[in-house]
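Each chain, letter by letter, is given below.
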Amino acid sequence: MMDTGFFAQRLQCSRNDKEEALKVVTELVDIAYLSQGGVKALDEKASALKQTPAGRFLGKALQLYMEAKNGSQIRRVLYNLIVSSNWTGGLFLQGIVITEALAALLEKEDMDFVFTFLVPSFFGIDYEGRAADIYHDFKQQRLVAMMMPEAAENGESSAYEA
């Protein structure tokens, strides 16, 4: 595993890198909800992700998530990939966020904890609120879709979507 100095040096990234990494949080939240629906939906998601260069690592990580027995297996494999790829900055941040989120989800951590505290903690104080907002917005949209399925199907907004 990586020591703190190596981790801190590699994790330094620009605001643009963090903006790009926030997109990964959206994918991870989607994966967390898909995992409640079973393996077929996750397998389809993994296949779709592997088709794009940006999604290759996440697709591989998702495949591992479906096959691993515990979070330490995910961490071991994905950290090896991150280190051997010599990633820094935004790619390193994305890799760490993916690794830790999927490991926590496999260990049955509460989704509220994972996406309100754990994942945002990797973004620093300036971006942690935005990372948590992605989860809260997603959760709100799902709630609205459950309460008003006809509006969600038609793409209509609701007064509940503040």
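About the criteria used
- Residues numbered from 1 in each chain as written.
- Predicted model: local features only at pLDDT ≥ 70, side-chain atom pairs only at ≥ 80, totals over all residues.
- Heavy atoms only, no water.
- Helix = DSSP H or I, 4+ residues; strand = E, 2+ residues; numbered from the N terminus.
- Polar contact = N/O pair within 3.5 Å; in protein donor to acceptor, adjacent residues only side chain to side chain.
- Contact = heavy atoms within 4.5 Å.
- Patch = residues over 30% accessible without salt bridge, like charges linked within 9 Å, V, L, I, M, F, W, Y side chains within 5 Å.
- Areas by Shrake-Rupley, 256 points an atom, 1.4 Å probe, with all protein chains shown as cover.
- Salt bridge = Lys/Arg side-chain N within 4 Å of Asp/Glu carboxyl O.
- Core = buried A, V, L, I, M, F, W, Y, C linked by side-chain atoms within 4.5 Å.
- Buried < 20%, exposed > 50% of the residue type's maximum accessible area, 1.4 Å probe, protein only.
- Axes fitted to C-alpha atoms, helices over the stretch in contact; angles between N-to-C directions.
- Parallel < 35°, antiparallel > 145°, perpendicular 65-115°, else oblique.
- Left-handed = near helix turned anticlockwise from the far one by under 90°.
- Nonpolar A, V, L, I, M, F, W, Y, C, P; charged D, E, K, R; others polar.

Novice: Help me understand the side chain of Arg-10, please; the structure alone is not making it clear to me.
Specialist: Tracing the sequence through the fold places Arg-10 in helix H1 (residues 4-11). At a separation of 3.1 Å, a polar atom in the side chain of Arg-10 contacts the main-chain carbonyl oxygen of Trp-87. Excluding residues that lie within four positions of it along the chain, Arg-10 makes contacts with Asn-86, Trp-87, Thr-88, Gly-89 and Phe-92.

Novice: Could you clarify how one ought to interpret unusual backbone geometry in this entry?
Specialist: Most peptide bonds take the trans form, and the phi angle of most residues other than glycine is negative. Despite not being glycine, Asn-86 has its phi angle at roughly 60°, a positive value. The residue Asn-86 is located in the loop between helix H5 (71-84) and helix H6 (89-106) in this model.

Novice: Any chance you could explain a nonpolar patch on the surface here in plain terms?
Specialist: Together, Leu-143, Met-146 and Met-147 give the surface a local cluster of nonpolar side chains, amounting to about 330 Å² of exposed area. Relative to the assigned elements, Met-147 resides in helix H8 (residues 128-147).

Novice: What am I meant to see in the nonpolar core here?
Specialist: Soluble globular proteins: nonpolar side chains tend toward being buried together. Counting residues in hydrophobic clusters, the biggest one holds 47 residues, and the most contacted among them are Leu-28, Leu-102, Phe-115 and Phe-123. Elements supplying a minimum of two residues to this core: helix H2 (15-34), helix H3 (39-50), helix H4 (56-67), H5, H6, helix H7 (111-121) and H8. What Leu-28 contacts, discounting residues up to four positions off in sequence, is Leu-58, Val-97, Ile-98, Ala-101, Leu-102 and Phe-115.

Novice: Any chance you could explain the packing of H4 against H5 here in plain terms?
Specialist: Packed helix pairs are specified by the crossing angle of their axes together with the interaxial distance, meaning the distance between the axes. Viewed as axis vectors pointing N to C, H4 and H5 meet at an angle of 160°, and their least axial separation amounts to 10 Å. The orientation of H4 relative to H5 falls into the category roughly antiparallel. Our pair here, H4 against H5, has a crossing hand that is right-handed. Contacts between H4 and H5 involve Phe-57, Lys-60, Ala-61, Leu-64 and Tyr-65 on the former and, on the latter, Gln-73, Ile-74, Val-77, Leu-78, Leu-81 and Ile-82. Residues belonging to the contact of H4 with H5 are distributed by class as follows: nine nonpolar, one polar and one charged.

Novice: Explain the pattern of salt bridges here, please?
Specialist: Tallied over the full model, the rule gives nine salt bridges. In this structure, Lys-45 and Asp-30 form a salt bridge, with 2.9 Å as the shortest nitrogen-oxygen distance. One end of the pair, Lys-45, is in helix H3; the other, Asp-30, is in helix H2, and 15 residues separate them in sequence. Judged by relative accessible area, which is 24%, Asp-30 ranks as partly exposed.

Novice: Can you help me understand the environment of Gln-94 in this one?
Specialist: Looking at the secondary structure, you find Gln-94 in helix H6. Taking the relative accessible area as the measure of exposure, Gln-94 reaches 16% and is therefore buried. For Gln-94, the residues in contact, after removing those within four places along its chain, are Glu-20, Ala-21 and Val-24.

Novice: Looking at this structure, how should I read the packing of H2 against H8?
Specialist: Where H2 contacts H8, the two axes come as close as 9 Å, and the packing angle between them is 35°. In this structure, the crossing between H2 and H8 has a hand that is right-handed. Across the interface between the two elements, Glu-19, Leu-22, Val-25, Thr-26, Val-29, Asp-30 and Tyr-33 of H2 pack against Arg-130, Ala-131, Ile-134, Tyr-135, Phe-138, Lys-139 and Arg-142 of H8. Here the residues of the contact of H2 with H8 are counted per class, giving eight nonpolar, one polar and five charged.

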